[in-house]
Amino acid sequence: METAVPDNDITQERTGQGIGCPGWNFLYHTLSCCLDREAENIVVETGTNWGFSTITMARALIDSGLRGHVYSWETDAANHQRACDNIASAGVASQVTLYHGSVAEGLGRFAVELDGSIRFAFLDGSHQQDEVLREFTIVYPKLTNDSVVLFDNTYPLPGDNDPGQGTNGALRVIERDYQGNLVNFPHTSWWTPGQAVWQKAPFGWDWCEAC
Ligand SMILES: C[S@@+](CC[C@H](N)C(=O)[O-])C[C@H]1O[C@@H](n2cnc3c(N)ncnc32)[C@H](O)[C@@H]1O
């Protein structure tokens, strides 16, 4: 949203950092702080793009030394292929499964067939309100009680007079209908900025049940 930094090259020149900072760091550390020491940590992502966030999450799993796997969906064939190449180059292919195709169908089938629970979801595919809600509704029944869902691009679109659009609008519905804990970080990520963390269990939940 800053007119002086319209692209990645200029961002790097002016700040010394890429557009992924601090968003992907936030993703890395949030996931690292959610992992279960005992169970298989199932991580799902919508919107692989070129695989940067997927690699970040796979790296968090590897660095933790715990068991887990990242499953990610991308609709665009060229992006999917580029992500496959990047995942291989990054040396994290054994922690990652990439799917090319519609999130609605693919993720839906995955959730139905999944023998286990999702510990962490990063919803970063389509940022249309109804699509974000659809993805959330698919993963919700499979989430562990202490799971976390991270959302990207939570800021209302500039010039959009209706803040109830996009991810921002979806989060309003999620907060109303699903409760849990929701924290928004408006100054991270890229166009639109903002990442939010939603935790399934409300604060009063007995965390020792999960110990
Ligand atoms: C913002 S990018 C994802 C960025 C990536 N998660 C990262 O942080 O590196 C969004 C991606 O989602 C893909 N996409 C859009 N709608 C989708 C959908 N319904 N299902 C899967 N992917 C979708 C787009 O093609 C695009 O590559």
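Residues numbered from 1 in each chain as written. Predicted model: local features only at pLDDT ≥ 70, side-chain atom pairs only at ≥ 80, totals over all residues. Heavy atoms only, no water.

Visitor: Tell me what's going on with the pairing of strand β2 (residues 68–74), and back it up with residues and numbers.
Guide: With respect to burial, β2 is a largely interior element, 7 of its 7 residues being buried. With burial as the criterion, each face of β2 is covered, one bearing Gly-68, Val-70, Ser-72 and Glu-74 and the other bearing His-69, Tyr-71 and Trp-73. In the sheet, strand β1 (residues 41–46) pairs with β2 via 6 bridges, with the strands oriented parallel. What sits directly across from Val-43, in β2, is Val-70. In this region the chain leaves β1, passes through helix α3 (residues 52–64) and returns to the parallel neighbour β2; the handedness of that crossover is right-handed. (Buried < 20%, exposed > 50% of the residue type's maximum accessible area, 1.4 Å probe, protein only. Helix = DSSP H or I, 4+ residues; strand = E, 2+ residues; numbered from the N terminus. Pairing = 2+ DSSP bridges. Right-handed = clockwise from strand over helix to strand, strands pointing away.)

Visitor: Requested: an account of the site of the ligand, with residues and values cited.
Guide: If you check the shell around the ligand, you find 18 residues, and the closest are Gly-47, Ser-53, Glu-74, Val-103 and Asp-124. Within the side chain of Glu-45, one N or O atom sits 3.4 Å away from a nitrogen atom of the ligand. With respect to the ligand, the side chain of Asp-124 contributes an N or O atom lying 2.7 Å from a nitrogen atom. Coverage of the ligand by the protein amounts to 79% of the 610 Å² it exposes when considered alone. Of the residues contributing to the shell around the ligand, the split by class is 5 nonpolar, 9 polar and 4 charged. (Near = heavy atom within 4 Å. Polar contact = N/O pair within 3.5 Å; in protein donor to acceptor, adjacent residues only side chain to side chain. Areas by Shrake-Rupley, 256 points an atom, 1.4 Å probe, with all protein chains shown as cover. Nonpolar A, V, L, I, M, F, W, Y, C, P; charged D, E, K, R; others polar.)

Visitor: Can you tell me about the environment of Phe-151, naming the residues and giving the values?
Guide: Following the sequence through the fold, Phe-151 ends up in strand β5 (residues 143–152). Phe-151 sits in the buried class, given a relative accessible area of 0%. Here the alpha-carbon distance between Phe-151 and Asn-184, two residues 33 residues apart in the chain, equals 9.1 Å.

Visitor: Could you give an account of unusual backbone geometry, with specific residues and numbers?
Guide: As a rule of thumb, non-glycine residues mostly have phi less than zero, and peptide bonds are mostly trans rather than cis. Non-glycine residue Asn-153 carries a positive phi angle of around 60 degrees. On the secondary structure map, Asn-153 appears in the loop between β5 and α7 (166–178). Taking the relative accessible area as the measure of exposure, Asn-153 reaches 10% and is therefore buried. Of note in the backbone geometry, Gln-179 takes a positive phi value of approximately 55 degrees without being a glycine. By the secondary structure assignment, Gln-179 is in the loop between α7 and β6 (181–185).

Visitor: Provide a residue-level description of the sheet that holds strand β3 (residues 96–100), including the pertinent values.
Guide: Spatial strand order, β3-β2-β1-β4-β5-β7-β6: 7 strands in an open sheet with mixed pairing. Here the strands that pair on one side only, and so sit at the sheet edges, are β3 and β6. Between one strand axis and the next, the sheet turns by 15 degrees as a mean value, whatever way the strands run. Where β2 meets β3, 5 bridges bridge the pair, whose relative direction is parallel. Within β3, the position partnered with Tyr-71 by the bridge is Thr-97. Where helix α5 (residues 103–113) meets the sheet, it contacts β1, β2 and β3, and its direction lies at approximately 155 degrees from that of β2. (Axes fitted to C-alpha atoms, helices over the stretch in contact; angles between N-to-C directions. Contact = heavy atoms within 4.5 Å.)

Visitor: A description of the packing of aromatic side chains should follow, citing residues and the corresponding values.
Guide: This model, assessed by the stated rule, comprises 13 aromatic pairs. Between the aromatic rings of Trp-24 and Phe-52, the centroid separation amounts to 5.6 Å while the plane-to-plane angle is 80 degrees, which identifies the pairing as edge-to-face. A residue pair is termed long-range when its members are at least 10 positions apart, and Trp-24 in helix α2 (residues 23–32) and Phe-52 in helix α3 qualify at 28 residues. What links up through ring pairs into an aromatic cluster is the set Phe-136, Tyr-140, Phe-151, Tyr-178 and Trp-198. (Phe/Tyr/Trp six-rings, centres within 6.5 Å; stacked < 30°, edge-to-face > 60°.)

Visitor: Summarise the packing of α5 against helix α6 (residues 129–139); cite the residues concerned and give the values.
Guide: Where α5 contacts α6, the two axes come as close as 9 Å, and the packing angle between them is 10 degrees. Here α6 runs roughly parallel to α5, going by the angle between their axes. Between α5, through Val-103, Ala-104, Leu-107, Gly-108 and Ala-111, and α6, the contact on the second element is made entirely by Arg-134, Glu-135, Ile-138 and Val-139. Of the residues in the contact of α5 with α6, the class split is 6 nonpolar, 1 polar and 2 charged. (Parallel < 35°, antiparallel > 145°, perpendicular 65-115°, else oblique.)

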